[in-house]
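Residue-level listing of the chains:
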Amino acid sequence: VSILLNEVTDSASALLTGVSVPGGGTHNVGSTYAGDTNFATSTSNTVPLTATTISTSFLLSVSPTSSPYYSQQLTFTATVVPSPVGSLVPLSSDTISFYDGTVTPTHLIGYADSFSGGVATKNVSSLSIGTHAIKAVFGGDTNFASSTSGSITITVGKSTPVITWAAPAP
């Protein structure tokens with residue numbers, strides 16, 4: 001902060017540089033001088049300061065990580081980075097979607113089952129036999145910019161049936 005005092009007019013000015021407000025929207029910023037024995041109180045005009053949307057990235061993982069089989073439940077975990085920033089956190093589970101292949105409506109697996117503190121999870125047991133490239137997409141919100149994760153490749157194999165029966169009577 002720099003303060004310049006003009007002794008002829010008894011006025012002062014302050015300059016604050018490098019201010020960045022994370023999030024969204026415009027904030028009106030002003031200042032107030034409380035006064036002292038030599039000078040009266042004073043309030044400045046407000047100046048609009050536009051906030052900067054926080055850029056994001058994704059960390060995506062799957063459990064279990066070894067050889068899933070058809071109809072086995074997989075849990076995908078997507079973490080929005082950074083989260084939170086101060087008191088700002090990404091909003092809700094309907095802003096996180098999971099895709100199999102390209103990010104198009106026909107490849108949508110679904111939206112996050114849960115989302116808290118920037119971590120979203122999606123349980124899936126409907127992947128067909130074959131190779132799948134799973135991506136997570138954060139649609140963004142007022143404070144955080146949208147982003148897409150890298151792909152996780154999952155190969156779903158055939159399940160091995162187990163046949164059991166009671167021992168037959170002699």
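Please refer to the structure placed before this passage.
Residues numbered from 1 in each chain as written. Predicted model: local features only at pLDDT ≥ 70, side-chain atom pairs only at ≥ 80, totals over all residues. Heavy atoms only, no water.

A. Expanded view of the packing of aromatic side chains. With the rule as written, the count across this model stands at one aromatic pair. Summarising the aromatic geometry, the rings of F76 and F98 are spaced 6.5 Å apart at their centres and angled 35° between planes, so their arrangement reads as tilted. Within this pair, whereas F76 is found in strand β8 (residues 74-81), its partner F98 is found in strand β9 (residues 96-100), the two being separated by 22 residues in sequence. (Phe/Tyr/Trp six-rings, centres within 6.5 Å; stacked < 30°, edge-to-face > 60°. Helix = DSSP H or I, 4+ residues; strand = E, 2+ residues; numbered from the N terminus.)

B. The sheet that holds β8, seen in detail. Taken together, four strands build an open sheet; the order of strands is β7-β8-β12-β11 and the sheet is antiparallel. Here the strands that pair on one side only, and so sit at the sheet edges, are β7 (57-63) and β11 (114-116). Direction aside, neighbouring strands of the sheet carry axes that sit 15° apart on average. Across six bridges, β8 lies against strand β12 (residues 119-124) in antiparallel orientation. The residue of β12 that forms the bridge with T77 is T121. (Pairing = 2+ DSSP bridges. Axes fitted to C-alpha atoms, helices over the stretch in contact; angles between N-to-C directions.)

C. Representation of the nonpolar core within the structure. Counting 23 residues, the largest nonpolar core has F58, L60, F76, I96, F98, L127 and I154 as the members making the most contacts within it. At the level of elements, β7, β8, β9, β12, β13 (130-138) and β15 (152-156) are the ones that each hand at least two residues to this core. At four residues, β8 tops the list of elements feeding residues into this core. Setting aside residues up to four positions removed in sequence, I154 forms contacts with V62, P68, L74, F76, G130, T131, H132 and I134. (Core = buried A, V, L, I, M, F, W, Y, C linked by side-chain atoms within 4.5 Å. Buried < 20%, exposed > 50% of the residue type's maximum accessible area, 1.4 Å probe, protein only. Contact = heavy atoms within 4.5 Å.)

D. Broad picture of the side chain of D141. Looking at the secondary structure, you find D141 in the loop between β13 and β14 (147-148). It is K122 that comes nearest to the buried, bridge-free D141 among opposite-charge side chains, at 19 Å. A distance of 2.9 Å separates a polar atom in the side chain of D141 from the backbone nitrogen of N143. A polar atom in the side chain of D141 sits 2.8 Å from the backbone nitrogen of F144. (Lys, Arg positive; Asp, Glu negative; His and termini not counted. Salt bridge = Lys/Arg side-chain N within 4 Å of Asp/Glu carboxyl O. Polar contact = N/O pair within 3.5 Å; in protein donor to acceptor, adjacent residues only side chain to side chain.)

E. Representation of the environment of T75 within the structure. Position of T75 among the secondary structure elements: in strand β8. Among the residues examined, T75 registers a relative accessible area of 24% and is labelled partly exposed. In contact with T75, other than residues within four places in its own chain, are S61, V62, S63, T121, K122 and N123. Within the structure, the side chain of T75 is placed 2.7 Å from the side chain of N123, a separation counted as a polar contact.

F. Up close: the pattern of salt bridges. In the structure shown here, the tally under the stated rule is one salt bridge. Here K122 ties to D113 by a salt bridge, and the two come within 3.3 Å at their closest N and O atoms. The exposure class assigned to K122 is buried, which follows from its relative accessible area of 12%. For D113, a relative accessible area of 43% puts it in the partly exposed group.

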